[in-house]
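What the coordinates show
Here is what each chain is made of, one letter per residue.
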Protein chains: 2
Amino acid sequence: MSNTVSIEKVTTTTFSIFLELIKQLANYEHVEPPDTQAQQRLQKDCLGTHPLFDAYLAYKEETAIGYLIVYYTYSSFLALPTLFIEDIYVKEEHRQQGYGQYLFDFCKQLANKRGCGRMEWNVYTWNAPALDFYEKNHAQRLDKYYYRLDKDQFA
Amino acid sequence: MSNTVSIEKVTTTTFSIFLELIKQLANYEHVEPPDTQAQQRLQKDCLGTHPLFDAYLAYKEETAIGYLIVYYTYSSFLALPTLFIEDIYVKEEHRQQGYGQYLFDFCKQLANKRGCGRMEWNVYTWNAPALDFYEKNHAQRLDKYYYRLDKDQFA
């Protein structure tokens, strides 16, 4: 990886670039991108006084080419925090050049710094390039199903 | 459900009962229960000045019959917090009496109160009673794989 790559926390100045990349990932994953109200909440939850996640942009020289959202969950059996990767994304035209690996390695550094016992994340079963990537990184695929209840089922 | 059921936050007084139930769940899931050091971390992370999760005990009259650990993750596309259920456990001799449903409904209340967009959790693929339970509750099984990296892979 060339030394022109850098990863920096999202700031008020770079928030709009970050938002653009989130929309691209939503599009790639065939899910609804954040609407106007969601975009406003996202800014508050990212940059307000009580951030709900940590967001980073990856730059190749001066150009933002990807982003990362992580937060910390918890393992009751290890009694240690877990670094959870919510989103890891590299723009289509910048793939296959090691940026994804760079972002993933950055997650490892974060997990190490925070004293985590694990890193965890989930991947759509149809996302073959991502599955390949994580298998190459010797990640363990758990024998677990992932369940969800939507808001209209509890609110 | 009889009106003798109650759910209360774990306190310094009830921590040892909570710990006993965690060990039982670890045993049921065939994973290592927290060792002595982990038990100390768990107490700090549960009851210290910076709690990393929310822990509850369910009581039938005066007897603790189950526990719950939740924390809040985040959906970048919804731009809303997600209630994540880490552990939900009812002692073996108290199952099939509606306590699991009571705990799950309590989670729904928490998610609603916190303004969450979703509730999420994962279940071992071999845990047939749990899978049945969540299917009955109309939970959506996502087409996602769950991945993990252990500490020795990043630290």
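**Side note on the overall build of chain A**
- A count of helical and extended segments in chain A gives four helices and seven strands.
- Order of helices (α) and strands (β) in chain A, N terminus to C terminus: β-α-α-β-β-β-α-β-α-β-β.
- For a compact globule of 155 residues, the expected C-alpha radius of gyration is about 15 Å, and chain A comes in at 16 Å, within 12% of that figure.
- A total of 155 residues make up chain A; the buried ones form 35% of that total.

**Things to note about the interface of chain A and chain B**
- Taken together, the contact between chain A and chain B spans 56 residues of the former and 56 residues of the latter.
- Looking at the side of chain A that touches chain B, the elements with two or more residues in it are helix H1 (15–28), helix H2 (36–47), strand E3 (63–75), strand E4 (80–90), helix H3 (99–113), strand E5 (118–124), strand E6 (140–141) and strand E7 (144–150) of chain A.
- For the side of chain A that touches chain B, the residue count by class is 33 nonpolar, nine polar and 14 charged.
- In terms of strand pairing, E7(A) meets strand E6 (residues 140–141) of chain B through two bridges, oriented antiparallel. Residue Arg148(A) lies in a different strand from E6(B), and its bridge partner there is Gln140(B).

**Some remarks on the relation of the copies chain A and chain B**
- Here chain A sits on chain B after a turn of 180 degrees about the axis and a move of 0.0 Å along it, with an RMSD of 0.0 Å. On the angle and the small slide along the axis, the relation comes out as a two-fold axis.
- When you check the interface residues of chain A against chain B, 100% turn up at the interface there too, and the contact is symmetric in its surfaces.

**Digging into the sheet that holds E4(A)**
- Taken together, the seven strands give an open sheet; going across it, the order is E1(A)-E2(A)-E3(A)-E4(A)-E5(A)-E7(B)-E6(A), and neighbouring strands pair in mixed fashion. Each having just a single partner strand, strand E1 (5–9) and E6 of chain A make up the two edges of the open sheet.
- Taken together, the three bridges between E4(A) and E5(A) define a ladder with parallel strand orientation. The residue of E5(A) that forms the bridge with Thr82(A) is Arg118(A).
- Each of E1, strand E2 (54–60), E3, E4 and E5 of chain A touches H3(A); the most contacted strand, E4(A), lies at about 160 degrees to it.

**What about unusual backbone geometry?**
Residue and element names in this part refer to chain A.
- Although it is not a glycine, histidine 30 adopts a positive phi angle of roughly 55 degrees.
- Here histidine 30 lies in the loop between H1 and H2.
- Classification of histidine 30 by C-beta neighbours within 10 Å gives exposed; the count is 8.
- Positive phi is not limited to glycine here, since glutamine 96 has a value of about 65 degrees.

**Overview of the nonpolar core**
- Counting residues in hydrophobic clusters, the biggest one holds 90 residues, and the most contacted among them are Tyr67(A), Val70(A), Cys107(A), Tyr67(B), Val70(B) and Cys107(B).
- Apart from residues no more than four positions distant in its own chain, Tyr67(B) is found in contact with Phe18(B), Leu21(B), Ala55(B), Tyr56(B), Leu57(B), Ala58(B), Asp87(B) and Tyr89(B).

**A word on the environment of Tyr89(A)**
Residues and elements named next belong to chain A.
- Of note, tyrosine 89 is situated in strand E4.
- As for tyrosine 89 and aspartate 35, which are separated by 54 residues in sequence, their C-alpha atoms are 19 Å apart.
- Beyond its immediate sequence surroundings of up to four residues, tyrosine 89 is in contact with Leu21, Leu25, Gly66 and Tyr67.

**Points about the pairing of E3(A)**
Residues and elements named next belong to chain A.
- Relative to E3, E2 runs antiparallel, the two sharing seven bridges. Following the sheet pairing, lysine 60 is matched in E3 by threonine 63.
- Counted along the chain from E2 to the antiparallel partner E3, the turn is two residues long, and its residue glutamate 61 has a positive phi close to 50 degrees.
- In terms of strand pairing, E3 meets E4 through ten bridges, oriented antiparallel. Each residue of the ladder has a partner; that of glycine 66, found in E4, is valine 90.

**Section: the sheet that holds strand E3 (residues 63–75) of chain B**
- Here seven strands make up an open sheet; going across it, the order is E1(B)-E2(B)-E3(B)-E4(B)-E5(B)-E7(A)-E6(B) and the pairing mixed. Each end of this open sheet is capped by a strand with a single partner; those strands are strand E1 (5–9) and E6 of chain B.

**Focus on the environment of Gln97(B)**
- Here Gln97(B) is to be found in the loop between strand E4 (80–90) and helix H3 (99–113).
- Along the backbone, Gln97(B) and Asp45(B) are 52 residues apart, and their C-alpha atoms lie at a distance of 31 Å.

Rules used in this analysis
Within each chain, residue numbers correspond to sequence positions counted from 1 in written order. Labels follow written order: the first chain is A, the first ligand is 1, and so on. Under the rules for a predicted model, residues below a pLDDT of 70 receive no local features and side-chain atom pairs below 80 are neither given nor counted, while totals for whole chains, interfaces and linings still include all residues. Helix and strand assignments follow DSSP, with helices taken as H or I runs no shorter than four residues and strands as E runs no shorter than two, numbered in order from the N terminus. Within these notes, the globule rule equals 2.2 Å times the number of residues to the 0.38 power, and the radius of gyration is based on C-alpha atoms. Here a residue counts as buried when 20 or more other C-beta atoms sit within 10 Å of its C-beta, as exposed when there are 12 or fewer, and as partly exposed otherwise, the C-beta atoms being derived from the backbone. What counts as a contact here is a pair of residues whose C-beta atoms, placed from the backbone, lie within 7 Å. Each residue gets one of three labels, nonpolar for Ala, Val, Leu, Ile, Met, Phe, Trp, Tyr, Cys and Pro, charged for Asp, Glu, Lys and Arg, and polar for the others, Gly among them. At least two bridges found by DSSP between two strands is the condition for calling them paired. What sets the superposition is a least-squares fit of C-alpha atoms, and only residues with pLDDT of at least 70 in both copies go into it. A fitted line through C-alpha atoms represents every axis, and for helices the fit uses only the stretch in contact; the resulting angles, taken between N-to-C directions, go from 0 to 180 degrees. In these notes, a nonpolar core means any group of buried Ala, Val, Leu, Ile, Met, Phe, Trp, Tyr and Cys residues linked to one another through C-beta atoms within 7 Å.

Function cannot be inferred from these measures alone, as they are strictly geometric.
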